[in-house]
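As a plain string of letters, each chain reads:
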Amino acid sequence: MKELTGIPASQGVAIGKAFLYVDDVFSQIPRYFLSKDELDAEWNRFREAVIAAEVEVRELRDRAQREMGEDQAKIFEAHLLMLADEDLQEQIQHRLHASQFNIEWVLWEISRELTQKLSASTDPYLKERAVDIYDVSRRLLHQLLSIKKLSLSDIQEEVILVTHNLLPSDALTMNKRWVKGIVMDMGGNTSHTAILARAFEIPAVLGLSTATREINDGELLIVDGTAGKVLVSPGVHMLERYKKVTLQLKKISEELQQLRDLPAETKDGHRVSLKVNIEVPEEAELVHRYGAEGIGLYRSEFLFLTPGQSADEEEQYHAYIKVVETMEGKPVTIRTLDVGGDKIIPDLQSTEEKNPLLGWRAIRFCLAHRELFKNQLRALLRCSVHGNLRIMFPMISGIEEFETALEVVEEAKRECQKKGAPYSEDIQIGAMIEIPSAAMTADILARRAAFFSIGTNDLVQYSLAADRGNERVAYLAQPFHPAVLRFIKQTIDAAHQAGIPAAMCGELAGNVRATALLLGLGLDEFSMSGSSIPLVKQIIRGTTKRDCETLATQALACSSYVEVNRLVNDWMKEHFPNLS
Ligand code: PEP
Ligand code: MG
């Protein structure tokens, strides 16, 4: 038996066979010699691949034109031109004959030479063409190698998914019924794959670095998502032990279900609101399953991330209506499109950025794509008359950005009026506080925002300059760092001074070790993955606001996250010995 240790990203235990998922076409290029009389057939193979790729790209271009406008469609126009480029084809044909290597190898060599040359250019236009060449040659290689981009939606038996890095779009399309566990080389605790794994209640261990090299396809695995361990080819005793653990976990969660209909109220009568974070409309029913008060964060970008699914105004409207109606009057906070960073819209954001996490993300992307933004805002506004809906903007860096976004809402309202579409005039619009500059100026933002929601995943990432998806710097991402605690306090205080509520929808809101501290800091609303609600509620109901305030004062006086961790652990041991 081999034991691998990584980051515990989604709780629970899964036992099953490894399904090794490696989709890196560039590392699988075959290389072999051909005889002279095989060259014509090889060239024909290439021509067929070009024709098939053209069909794909045309479809993408048409979709981009329909949903995103001319600028995006132009990217695919450029790809079509590249596929039809006679000089390039001549060069490839010439190399095929001169080298007599198979066409995949020839194509790979030429595209590598071209991308290297273009990337080295100082002209930004030429630099960008390197990305196009990469994209087009990848598409051709998929065709030539008949790689049907192995689809995770096709999995038909219980497996543990073992992969280097799962993009959020892959995680969305995987067949959740059969994927029992996730094991990944990359990723941190607040990466979007981790968030999705928790949302889907799939045990996951991330940041293992070498899992795909150490685990073979079909090997038996135990994934302990609570301890962050993966046991490869475990013996009979270990299997028995883990089967017992699984039964115990089931029993505990059944017991906690008894809290379902009780309020999240401390022993001294202080009540807060517990809500659920969702990524897809189907998750909305978790609110009822776990007795939550509504949805505190609907990550609307996942509508756009699902490959093959378009999201024009009507489609969004129907998705939002579905969520709002499932809520039966309970509040729903929908966050506008937060793409970029690690959430790339397949086919539409093909420009590579050097620092995507500091780049064209979220509200920045939306303000630069007004039509796309207004499509979403109109869908949301129209939906506002069907239920209790709030809108929230992600990645707000300061008042200018927030006010510009509000102006776009006004424009969208005027457009609704013109079309005779009713909307709720007093719809509340809030700001996510997830960039240090926003936390520092929360008092200014509070003059215009109807509420705040603290996004600790990004707030921690940006305060400590530690990429949330990079396992090498995961040790730095400490939500109990004094800097983060001060930002949280400052945001909550500013909200309360302005008379608006302070919510939190980052992962810290569902962390039981943080519950008392956040209560003590005055947080009004905690939004988290559904499965975290019962334990958080147990803590809230088992403590007093006064005790929590003392804890918060002590935590704010600490000089390091190590000290805060120790303080919180001691507090948990004293107040909730069975949970620590
Ligand atoms: C956050 O940053 O804490 C957050 C809730 O948003 P996301 O995780 O989607 O970036
Ligand atoms: Mg965020």
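Residues numbered from 1 in each chain as written. Chains lettered and ligands numbered in written order. Predicted model: local features only at pLDDT ≥ 70, side-chain atom pairs only at ≥ 80, totals over all residues. Heavy atoms only, no water.

Draft legend 1. Just the overall build of the chain, in detail. Each helix and strand counted, the chain has 23 helices and 16 strands in total. Against the 2.2 N^0.38 benchmark of 25 Å for 580 residues, the chain shows a C-alpha radius of gyration of 26 Å, consistent with a compact globule. C-alpha extents for the chain along the principal axes are approximately 85 × 70 × 45 Å. Considering only contacts within the chain whose residues lie at least 6 apart along the sequence, 69% involve residues at least 24 apart. Split by element, the accessible area of the chain, about 25,400 Å² in all, is 51% carbon and sulfur. When the 66 positive and 84 negative side-chain charges of the chain are each reduced to one mean point, those points stand 4 Å apart. (Helix = DSSP H or I, 4+ residues; strand = E, 2+ residues; numbered from the N terminus. Rg over C-alpha atoms; globule rule 2.2 N^0.38 Å. Contact = heavy atoms within 4.5 Å. Areas by Shrake-Rupley, 256 points an atom, 1.4 Å probe, with all protein chains shown as cover. Lys, Arg positive; Asp, Glu negative; His and termini not counted. Charge placed at Lys NZ, Arg CZ, Asp CG, Glu CD.)

Draft legend 2. Summary view of the domain arrangement of the chain. Parsing the chain into structural domains produces domain 1 (2-20 + 151-237), domain 2 (25-145) and domain 3 (264-575). Look at where the C-alpha atoms of domain 1 and domain 3 centre, and you get two points 26 Å apart. Summed over both partners, the interface of domain 1 with domain 3 comes to about 1,800 Å²; 61% of that surface belongs to carbon and sulfur atoms. Note that Glu201 is salt-bridged to Arg289, the shortest N-O span being 3.9 Å. The interface formed by domain 1 and domain 3 contains three residue pairs in polar contact (both at pLDDT 80 or more). Looking at the side of domain 1 that touches domain 3, the elements that each hand over two or more residues are α6 (168-173) and α7 (192-199). The element that contributes the greatest number of residues to the side of domain 1 that touches domain 3 is α7, accounting for five residues. Class assignment for the residues of the side of domain 1 that touches domain 3 results in eight nonpolar, 10 polar and three charged. (Domains from an automatic or database assignment. Buried area = accessible area lost by both parts, 1.4 Å probe. Salt bridge = Lys/Arg side-chain N within 4 Å of Asp/Glu carboxyl O. Polar contact = N/O pair within 3.5 Å; in protein donor to acceptor, adjacent residues only side chain to side chain. Nonpolar A, V, L, I, M, F, W, Y, C, P; charged D, E, K, R; others polar.)

Draft legend 3. Focus on the site of ligand 1. Arg299, Arg335, Gly455, Asn457 and Arg468 are the nearest of the 16 residues found near ligand 1. Backbone polar atom of Thr456 to an oxygen atom of ligand 1: 3.1 Å apart, as the coordinates give it. Measuring from an oxygen atom of ligand 1, one finds a side-chain N or O atom of Arg468 at 2.7 Å. Compared with its free state, where it exposes 290 Å², ligand 1 has 100% of that area covered by protein. Of all the secondary structure elements, the ones that give two or more residues to the shell around ligand 1 are α7, β10 (295-299) and α18 (456-463). Among the elements that take part in the shell around ligand 1, α18 stands out by supplying three residues, more than any other. Looking at side-chain class alone, the shell around ligand 1 contains four nonpolar, five polar and seven charged residues. (Near = heavy atom within 4 Å.)

Draft legend 4. Main features of the nonpolar core. Counting 108 residues, the largest nonpolar core has Phe393, Phe452 and Ile488 as the members making the most contacts within it. The dominant element in this core, judged by the number of residues it contributes, is helix α15 (residues 399-419), at eight residues. The contact partners of Phe393, leaving out residues within four places of it in the chain, are Thr336, Ile363, Phe373, Leu377, Phe402, Ala405, Leu406, Val409, Ile429, Gly430, Ala431 and Met432. Leu80, Leu107, Trp108 and Leu114 belong to the second-largest nonpolar core, a separate cluster that totals 32 residues. (Core = buried A, V, L, I, M, F, W, Y, C linked by side-chain atoms within 4.5 Å. Buried < 20%, exposed > 50% of the residue type's maximum accessible area, 1.4 Å probe, protein only.)

Draft legend 5. The arrangement of a negative patch on the surface in detail. On the surface, Asp85, Glu86, Asp87 and Glu90 cluster together to form a negatively charged patch. Take Glu86: it is sitting in helix α3 (residues 86-99). (Patch = residues over 30% accessible without salt bridge, like charges linked within 9 Å, V, L, I, M, F, W, Y side chains within 5 Å.)

Draft legend 6. Spatial organisation of the coordination of the magnesium ion (ligand 2). The magnesium ion (ligand 2) binds to the protein through Glu434 (OE) and Asp458 (OD); the donor distances cover 2.0 to 2.1 Å. Pair noted here: Glu434 is in the loop between β13 (428-433) and α16 (436-440) and Asp458 is in helix α18, with a separation of 24 residues, a long-range link. Glu434 gets classed as buried once you look at its relative accessible area, which sits at 2%. The exposure class assigned to Asp458 is buried, which follows from its relative accessible area of 3%. (Donors = N, O, S within 2.8 Å, 3.2 Å for Na, K, Ca; no water.)

Draft legend 7. Highlighting helix α9 (residues 236-256). Between its terminal C-alpha atoms α9 stretches 31 Å, which fits the 30 Å expected from 21 residues at 1.5 Å a residue. Taken together, the buried positions of α9 are Met238, Leu239, Tyr242 and Leu256. Angular distribution of buried residues about the axis of α9 spans 105°; they occupy a single face of the element. The outward face of α9, more than 90 degrees from its buried face, is lined by the exposed residues Val236, His237, Lys244, Leu247, Gln248, Lys250 and Lys251. Residues of α9 that are buried make contact with β3 (13-21), β7 (220-224), β8 (229-232) and α21 (533-541). (Expected span 1.5 Å × (residues − 1). Arc of directions from axis to C-beta.)

Draft legend 8. The arrangement of the side chain of Glu507 in detail. With respect to the helices and strands, the residue Glu507 is situated in the loop between β15 (502-504) and α20 (515-521). Among the polar contacts made by the side chain of Glu507, one reaches the side chain of Arg198 at a distance of 2.7 Å. Sequence-distant contacts of Glu507, defined by excluding residues within four places in its chain, comprise Thr190, Ile195, Arg198, Asn277, Arg299, Thr456 and Asn457.

Draft legend 9. Examining the packing of aromatic side chains more closely. Evaluation of the coordinates by the stated rule reveals nine aromatic pairs. When the centroid spacing of 6.5 Å and the interplanar angle of 65° are considered together, the rings of Phe101 and Trp105 count as edge-to-face. Phe101 sits in the buried class, given a relative accessible area of 14%. With a centroid separation of 5.1 Å and an interplanar angle of 45°, the aromatic rings of Trp105 and Trp108 are classed as tilted. (Phe/Tyr/Trp six-rings, centres within 6.5 Å; stacked < 30°, edge-to-face > 60°.)

Draft legend 10. Looking closely at the sheet that holds strand β14 (residues 452-454). Taken in spatial order, the eight strands of this closed barrel run β9-β10-β11-β12-β13-β14-β15-β16, and their pairing is parallel. The sheet shows a mean angle of 25° between the axes of neighbouring strands, direction not considered. As paired elements, β10 and strand β11 (residues 332-335) share three bridges and run parallel to each other. Along β11, the bridge assignment pairs Tyr298 with Ile334. Its contacts with the sheet place helix α12 (residues 313-326) against β9 (273-278), β10, β11 and β12 (389-393), and it is angled at close to 160° to β10. Contacting β9 and β16 (525-528), α21 crosses the sheet at an angle of about 165° to β9. (Pairing = 2+ DSSP bridges. Axes fitted to C-alpha atoms, helices over the stretch in contact; angles between N-to-C directions.)

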